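Fold and geometry: a report
Below are the chains, spelled out letter by letter.
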Amino acid sequence: MNKEADRPSPDWPANAWPVGTRVRVIQDPAWAGPWPVEFWGTVDDLRPPFPVDHASAREGELVYWIRFDEPQVDNDGSGPYRGAEIWDRYLTTDT
(Lines give C-alpha, C1' and ligand atoms only; values in the text may rest on other atoms or scores of the structure.)
Protein backbone atom coordinates (compact mmCIF):
# COMPACT_ATOMS: atom_id res chain seq x y z
CA MET A 1 0.00 0.00 0.00
CA ASN A 2 1.31 3.43 -0.88
CA LYS A 3 0.88 5.16 2.50
CA GLU A 4 1.57 8.66 1.12
CA ALA A 5 -1.19 8.49 -1.46
CA ASP A 6 -3.37 6.14 0.64
CA ARG A 7 -4.04 3.99 -2.42
CA PRO A 8 -2.62 0.76 -3.85
CA SER A 9 0.43 0.68 -6.08
CA PRO A 10 -0.06 1.30 -9.83
CA ASP A 11 0.15 -2.50 -10.27
CA TRP A 12 -3.04 -2.99 -8.23
CA PRO A 13 -5.90 -3.93 -10.63
CA ALA A 14 -8.66 -1.34 -10.72
CA ASN A 15 -11.35 -4.01 -10.24
CA ALA A 16 -9.61 -5.71 -7.26
CA TRP A 17 -10.65 -5.49 -3.63
CA PRO A 18 -8.51 -2.97 -1.76
CA VAL A 19 -5.87 -3.81 0.82
CA GLY A 20 -7.50 -4.39 4.19
CA THR A 21 -10.71 -5.90 2.83
CA ARG A 22 -12.02 -8.53 5.25
CA VAL A 23 -12.70 -11.81 3.48
CA ARG A 24 -13.90 -15.26 4.40
CA VAL A 25 -11.99 -18.11 2.76
CA ILE A 26 -14.61 -20.65 1.68
CA GLN A 27 -14.60 -24.25 0.53
CA ASP A 28 -15.34 -25.23 -3.03
CA PRO A 29 -18.84 -26.80 -3.17
CA ALA A 30 -17.64 -29.32 -5.78
CA TRP A 31 -14.80 -30.77 -3.67
CA ALA A 32 -13.44 -30.58 -0.13
CA GLY A 33 -10.80 -28.03 -0.81
CA PRO A 34 -8.48 -26.35 -0.99
CA TRP A 35 -8.89 -25.66 2.74
CA PRO A 36 -10.61 -28.12 5.11
CA VAL A 37 -12.44 -25.35 7.01
CA GLU A 38 -13.72 -21.87 6.27
CA PHE A 39 -11.97 -18.99 8.03
CA TRP A 40 -11.39 -15.23 8.01
CA GLY A 41 -8.51 -13.17 6.70
CA THR A 42 -7.57 -9.84 5.14
CA VAL A 43 -6.43 -8.80 1.67
CA ASP A 44 -2.75 -7.99 2.14
CA ASP A 45 -0.35 -5.89 0.07
CA LEU A 46 2.49 -8.46 -0.01
CA ARG A 47 1.89 -8.53 -3.77
CA PRO A 48 -0.83 -7.06 -5.98
CA PRO A 49 -3.65 -9.33 -7.13
CA PHE A 50 -2.90 -10.98 -10.48
CA PRO A 51 -4.82 -13.06 -13.03
CA VAL A 52 -5.17 -16.79 -12.35
CA ASP A 53 -2.93 -18.65 -14.81
CA HIS A 54 -4.69 -22.01 -15.02
CA ALA A 55 -6.84 -23.82 -17.61
CA SER A 56 -9.84 -23.82 -15.25
CA ALA A 57 -9.60 -20.10 -14.45
CA ARG A 58 -12.73 -18.03 -14.86
CA GLU A 59 -12.73 -14.93 -17.03
CA GLY A 60 -11.00 -12.15 -15.08
CA GLU A 61 -10.35 -14.32 -12.01
CA LEU A 62 -7.70 -12.92 -9.68
CA VAL A 63 -5.31 -14.38 -7.13
CA TYR A 64 -5.05 -12.43 -3.85
CA TRP A 65 -2.52 -12.62 -1.06
CA ILE A 66 -4.61 -13.21 2.07
CA ARG A 67 -3.27 -12.82 5.61
CA PHE A 68 -5.14 -15.26 7.87
CA ASP A 69 -6.59 -14.30 11.25
CA GLU A 70 -5.38 -17.63 12.63
CA PRO A 71 -2.77 -20.02 11.12
CA GLN A 72 -4.38 -22.66 8.88
CA VAL A 73 -3.54 -26.14 7.60
CA ASP A 74 -4.43 -26.95 3.97
CA ASN A 75 -6.25 -30.05 2.67
CA ASP A 76 -2.91 -31.79 2.12
CA GLY A 77 -2.12 -31.39 5.83
CA SER A 78 0.65 -28.88 5.14
CA GLY A 79 1.08 -25.83 7.30
CA PRO A 80 0.14 -24.14 9.45
CA TYR A 81 0.19 -21.09 7.18
CA ARG A 82 -0.30 -17.47 8.25
CA GLY A 83 -1.22 -16.44 4.71
CA ALA A 84 -1.44 -17.69 1.15
CA GLU A 85 -2.28 -16.85 -2.45
CA ILE A 86 -5.97 -17.64 -2.91
CA TRP A 87 -8.11 -17.53 -6.04
CA ASP A 88 -11.01 -15.12 -5.67
CA ARG A 89 -13.55 -17.93 -6.26
CA TYR A 90 -12.64 -19.08 -2.73
CA LEU A 91 -13.18 -15.64 -1.18
CA THR A 92 -16.30 -13.80 -0.08
CA THR A 93 -16.84 -10.54 1.73
CA ASP A 94 -20.19 -11.71 3.16
CA THR A 95 -20.42 -11.28 6.92
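The paragraphs below set out a description of the structure included in this document. (Residues numbered from 1 in each chain as written. Predicted model: local features only at pLDDT ≥ 70, side-chain atom pairs only at ≥ 80, totals over all residues. Heavy atoms only, no water.)

So, the side chain of D28
Selection criterion: For the purposes of this entry, the term helix denotes a DSSP run of H or I that reaches at least four residues, the term strand denotes a run of E that reaches at least two, and both are numbered from the N terminus. Polar contact criterion, stated in full: a pair of N or O atoms within 3.5 Å, where within protein one must be able to donate a hydrogen and the other to accept it, and residues adjacent in sequence count only if both atoms are side-chain atoms.
Tracing the sequence through the fold places D28 in the loop between β1 (22–25) and β2 (39–43). A polar contact is formed between the side chain of D28 and the side chain of W31, at a distance of 3.2 Å. Within the local environment of D28, its side chain forms a polar contact with the side chain of Y90, the two groups lying 3.2 Å apart.

Focus on the side chain of T21
Note the cut-off: Any residue under 20% of the maximum accessible area for its type is buried, any over 50% is exposed, and the rest in between are partly exposed; the area is computed with a 1.4 Å probe on protein chains only. Here, two residues are considered to be in contact whenever any of their heavy atoms come within 4.5 Å of each other.
Checked against the element boundaries, T21 lands in the segment before β1. In this structure T21 comes out as buried when scored by relative accessible area, which is 16%. Engagement of the side chain of T21 in a polar contact is seen with the backbone oxygen of P18, the distance being 2.7 Å. Each residue touching T21, except ones within four places of it in the same chain, is listed here: G41, T42, V43 and T93.

Describing the pattern of salt bridges
Quick reminder of the rule: A pair is scored as a salt bridge if a Lys or Arg side-chain nitrogen falls within 4 Å of a carboxyl oxygen belonging to Asp or Glu.
The full count for this structure, using the stated rule, is 5 salt bridges. Close ionic contact of R24 with E38 constitutes a salt bridge, the shortest N to O distance being 2.7 Å. Residue R24 is located in strand β1, and its partner E38 is located in the loop between β1 and β2; the two are separated by 14 residues in the primary sequence. According to the relative accessible area criterion, E38 is partly exposed, its value standing at 39%. Measuring nitrogen to oxygen at the nearest pair gives 2.7 Å for the salt bridge that ties R47 to E85.

Some details on unusual backbone geometry
For the bond from G79 to P80, the omega torsion is 10°, close enough to zero to count as cis. Inspection of the secondary structure assignment puts P80 in the loop between β4 (62–72) and β5 (81–87).

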